[in-house]
Amino acid sequence: MTDTRTATAVFTDSRVARAIELVWREAELLDRREYHAWQELYTADAHYVVPIDRGTDDFDNTLNMIYDDARMRAMRVVRMTEGHAIAAVDAAVTTRTVSRFVPANVTEDEVHLRAAQIIVAYKRGRHDIWAGDVEYRIRLGATPAADRIARKVIRLVDSEDAVPAAGFLL
């Protein structure tokens with residue numbers, strides 16, 4: 001069921017507010033490189049996806065930059081936090097903004113949001129900008145602390161161009 005109420009009514013909906021707060025908490029954890037805490041924000045069956053084709057929803061049958069389930073997210077966190085992997089040693093400093101929230105579907109236990117994300121990454125004396133449209137499926141728990149991300153899809157504006165190694169999570 002798509003929520004067709006006015007923007008003001010939608011943003012006063014406590015379910016939508018909880019979902020947005022979770023998205024902002026995720027952004028804060030990523031900028032602070034708290035990857036273990038970040039990983040805990042996801043449901044066990046969640047997917048974290050960065051498709052190459054901005055128009056696809058068939059992530060199983062198309063090429064993606066990232067298509068992580070719980071196992072792959074855990075492996076990515078290990079790479080980002082342990083040893084001398086280039087992703088951990090030479091990680092960029094990031095500041096991200098997530099905004100332009102549009103609730104696409106609101107039910108009693110899930111909120112689907114669309115948003116825009118801009119990340120400024122600083123590494124080796126250079127600033128890079130990463131921009132994209134993001135879709136979130138937030139599964140609401142019994143309390144706001146129990147809310148979790150069931151799916152995050154980041155559609156980079158330049159996804160079909162050569163994308164440099166990030167050294168951080170989107």
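The structure under discussion appears in the preceding block.
The shown structure was predicted, so the numbers you read here are calculated from the model rather than taken from an experiment.

Asks: Explain a nonpolar patch on the surface to me, please; I cannot follow it from the model alone.
Replies: A cluster of nonpolar residues, Ile118, Val120 and Ile129, forms a patch on the protein surface that exposes about 260 Å² of accessible area. Mapped onto the fold, isoleucine 118 is located in strand E4 (residues 110-123).

Asks: Explanation requested: the nonpolar core in the structure shown.
Replies: Nonpolar side chains tend to gather and get buried jointly when the protein is soluble and globular. Grouped together as the largest cluster of nonpolar side chains are 38 residues, with contacts concentrated most on Trp38, Tyr48, Leu113, Tyr136, Ile138, Phe168 and Leu170. Every element with two or more residues in this core is listed here: helix H2 (14-31), helix H3 (35-39), strand E1 (42-51), helix H4 (70-81), strand E3 (93-106), E4, strand E5 (126-139) and strand E6 (148-156). Tallying contributions element by element places H2 first for this core, with eight residues.

Asks: Where do I start with the pattern of salt bridges in this structure?
Replies: Pairing between side chains becomes possible if they bear opposite charge and their charged atoms approach one another. What the rule picks out here adds up to 17 salt bridges. Across the pair arginine 139 and aspartate 45 runs a salt bridge whose closest N-O atoms are separated by 3.1 Å. Of the two residues, arginine 139 sits in strand E5 while aspartate 45 sits in strand E1, which places them 94 residues apart along the sequence. Assessed through its relative accessible area of 47%, aspartate 45 is described here as partly exposed. Residues glutamate 135 and arginine 155 are paired through a salt bridge, measuring 2.9 Å at the closest nitrogen-oxygen approach. Of this pair, glutamate 135 sits in strand E5 while arginine 155 sits in strand E6, and the two are 20 residues apart along the sequence. Note on glutamate 135: relative accessible area 23%, which makes it partly exposed.

Asks: When you look at the packing of aromatic side chains in this model, what are you seeing that I'm missing?
Replies: To describe a pair of aromatic rings, one takes the distance between the centres and the angle between the planes. What the rule picks out here adds up to five aromatic pairs. Geometrically, the ring pair formed by tryptophan 24 and phenylalanine 101 is edge-to-face, given 5.8 Å between the ring centres and 75° between the ring planes. Taken together, the positions of tryptophan 24 in helix H2 and phenylalanine 101 in strand E3 put the pair 77 residues apart, joining distant regions of the chain. Look at phenylalanine 101 and you get buried, because its relative accessible area is 10%. Measuring from ring centre to ring centre gives 6.4 Å for tyrosine 42 and tyrosine 48, while their planes differ by 85°; the resulting arrangement is edge-to-face. For the pair tyrosine 42 and tyrosine 48, one class covers both residues: buried.

Asks: Mind showing me how you'd approach the sheet that holds E1 here?
Replies: Consider a sheet: its strands pair through backbone hydrogen bonds, and that pairing is either parallel or antiparallel. Read from one edge of the open sheet, six strands run E2-E1-E6-E5-E4-E3, paired in mixed fashion. Each having just a single partner strand, strand E2 (64-68) and E3 make up the two edges of the open sheet. Along the sheet, successive strands turn relative to each other by an average axial angle of 15°, direction set aside. Here E1 pairs with E2 via four bridges, running antiparallel. Of the residues in E2, the one forming a bridge with tyrosine 48 is aspartate 68. Where H4 meets the sheet, its contacts fall on E1 and E2, and the angle it forms with E1 comes to roughly 75°.

Asks: Explain H4 here, please?
Replies: Each turn of an α-helix holds 3.6 residues, which means side chains three or four residues apart point in the same direction. Relative to the 16 Å expected for twelve residues at 1.5 Å per residue, H4 spans 16 Å between its end C-alpha atoms, a close match to the ideal helical length. For H4, the side-chain oxygen to backbone nitrogen distance between the N-cap and arginine 71 is 3.2 Å, and the N-cap itself is aspartate 69.

Asks: Whenever I open this one, the environment of leucine 30 confuses me. Can you help?
Replies: The residue leucine 30 is located in helix H2 in this model. Along the sequence, leucine 30 and threonine 95 sit 65 residues apart, while their C-alpha atoms lie 8.9 Å from each other. Apart from residues lying up to four places away in sequence, leucine 30 is in contact with Tyr35, Trp38, Thr94, Arg96, Lys152, Leu169 and Leu170.

So, how was this worked out
- Residues numbered from 1 in each chain as written.
- Predicted model: local features only at pLDDT ≥ 70, side-chain atom pairs only at ≥ 80, totals over all residues.
- Heavy atoms only, no water.
- Patch = residues over 30% accessible without salt bridge, like charges linked within 9 Å, V, L, I, M, F, W, Y side chains within 5 Å.
- Areas by Shrake-Rupley, 256 points an atom, 1.4 Å probe, with all protein chains shown as cover.
- Salt bridge = Lys/Arg side-chain N within 4 Å of Asp/Glu carboxyl O.
- Helix = DSSP H or I, 4+ residues; strand = E, 2+ residues; numbered from the N terminus.
- Core = buried A, V, L, I, M, F, W, Y, C linked by side-chain atoms within 4.5 Å.
- Buried < 20%, exposed > 50% of the residue type's maximum accessible area, 1.4 Å probe, protein only.
- Phe/Tyr/Trp six-rings, centres within 6.5 Å; stacked < 30°, edge-to-face > 60°.
- Pairing = 2+ DSSP bridges.
- Axes fitted to C-alpha atoms, helices over the stretch in contact; angles between N-to-C directions.
- Contact = heavy atoms within 4.5 Å.
- Expected span 1.5 Å × (residues − 1).
- Polar contact = N/O pair within 3.5 Å; in protein donor to acceptor, adjacent residues only side chain to side chain.

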